[in-house]
Amino acid sequence: MIEFAPIGIVHSPFTELEDMPIQPKGAVGIKGTVEVFESFTEGLKDLEGFSHIILLYHFHRSRGYNLTVVPFLDTRPRGLFATRAPKRPNAIGLSIVQLDKIEEGVLHIQNVDILDSTPLLDIKPYVPEFDAPAAKRTGWLEKVKKTVSSRRSDDRFK
């Protein structure tokens, strides 16, 4: 058995699933905070030196999943693992956000595409040399990736 316990809570202006940005690229300038629980704040040492961080979190309002889905950026059914759909066998989300500052265990972030009160599982520094390999193929997204900035979520993954 695998068990995870949150290390904090993500706070954002999004209280409902509908009309949220579907990726951080569509959330440019949207601010939020990450409240790191006191027992984990020592682990924030040296994080302020990074402009961006990776947040791993639990899709706490996601229930069930289908192995074939119609993703937000398409109208055709796709394999779940070829999408970023939030309803997954293990409801884990990932966002790369801008870190503005850290104050007393609270991370002030931008470009947040995460539902308010989302349980935070982990934080990792974003390092372009590690995390941004030059992709040679992006599958079905090659035709639609330029629309991600303007797309919003709807009720298809309630």
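In this report, we go over the structure that sits alongside the text. (Residues numbered from 1 in each chain as written. Predicted model: local features only at pLDDT ≥ 70, side-chain atom pairs only at ≥ 80, totals over all residues. Heavy atoms only, no water.)

1. Remarks on the overall build of the chain
Okay, step 1: A count of helices and strands for the chain gives one helix and eight strands.
Okay, step 2: Along the chain, helices and strands appear, N-terminal first, in the series β-β-β-β-β-β-β-β-α.
Okay, step 3: Scaling as 2.2 N^0.38, a compact globule of 158 residues should have a C-alpha radius of gyration of about 15 Å, and the chain matches this with 16 Å.
Okay, step 4: Judged by the C-alpha coordinates and their principal axes, the chain covers about 45 × 35 × 30 Å.
Okay, step 5: Relative to its 158 residues, the chain shows a buried fraction of 40%.
Okay, step 6: Of all intrachain contacts in the chain linking residues separated by at least 6 positions in sequence, the fraction that spans at least 24 positions is 79%.
Okay, step 7: Averaging the positions of the 21 positive and the 21 negative side-chain charges in the chain gives two centres separated by 13 Å. (Helix = DSSP H or I, 4+ residues; strand = E, 2+ residues; numbered from the N terminus. Rg over C-alpha atoms; globule rule 2.2 N^0.38 Å. Buried < 20%, exposed > 50% of the residue type's maximum accessible area, 1.4 Å probe, protein only. Contact = heavy atoms within 4.5 Å. Lys, Arg positive; Asp, Glu negative; His and termini not counted. Charge placed at Lys NZ, Arg CZ, Asp CG, Glu CD.)

2. Observations regarding the nonpolar core
Okay, step 1: If you look at the biggest cluster of nonpolar residues, it comprises 24 residues, and the most contacted ones within it are Val 34, Ile 53, Leu 55, Leu 107, Ile 109 and Ile 123.
Okay, step 2: Counting residues per element, the ones that place at least two in this core are β2 (31-36), β3 (52-58), β6 (92-103), β7 (106-110) and β8 (118-125).
Okay, step 3: The dominant element in this core, judged by the number of residues it contributes, is β3, at three residues.
Okay, step 4: Excluding residues within four positions of it along the chain, Val 34 makes contact with Ile 9, Val 10, Leu 55, Gly 105, Val 106, Leu 107, Ile 109 and Leu 120.
Okay, step 5: The next biggest cluster of nonpolar side chains, apart from the first, holds five residues, and it includes Phe 72, Leu 73, Trp 140 and Val 144. (Core = buried A, V, L, I, M, F, W, Y, C linked by side-chain atoms within 4.5 Å.)

3. Digging into a nonpolar patch on the surface
Okay, step 1: Residues Ile 2, Phe 4 and Ile 92 make up a contiguous nonpolar surface patch of about 360 Å² in total accessible area.
Okay, step 2: Here Ile 92 shows up in strand β6. (Patch = residues over 30% accessible without salt bridge, like charges linked within 9 Å, V, L, I, M, F, W, Y side chains within 5 Å. Areas by Shrake-Rupley, 256 points an atom, 1.4 Å probe, with all protein chains shown as cover. Salt bridge = Lys/Arg side-chain N within 4 Å of Asp/Glu carboxyl O.)

4. A short note on the packing of aromatic side chains
Okay, step 1: Summed over the entire model, instances satisfying the criterion amount to one aromatic pair.
Okay, step 2: When the centroid spacing of 5.6 Å and the interplanar angle of 85 degrees are considered together, the rings of Tyr 57 and Phe 59 count as edge-to-face. (Phe/Tyr/Trp six-rings, centres within 6.5 Å; stacked < 30°, edge-to-face > 60°.)

5. Some thoughts on the pattern of salt bridges
Okay, step 1: Taken as a whole, this structure holds five salt bridges when the rule is applied.
Okay, step 2: Linking Arg 61 and Glu 16 is a salt bridge whose minimum nitrogen-to-oxygen distance equals 3.7 Å. Taken together, the residues Arg 61 in the loop between β3 and β4 (68-69) and Glu 16 in the loop between β1 (8-11) and β2 connect sequence positions 45 residues apart.
Okay, step 3: The exposure class of Arg 61 is partly exposed, given its relative accessible area of 37%.

6. Looking at the pairing of β8
Okay, step 1: Sheet analysis places β1 next to β8, joined by three bridges and oriented antiparallel. Within β8, the residue paired with Ile 9 across the bridge is Pro 119.
Okay, step 2: Pairing between β3 and β8: five bridges, direction antiparallel. In the strand pairing of β8, Ile 54 is matched with Lys 124. (Pairing = 2+ DSSP bridges.)

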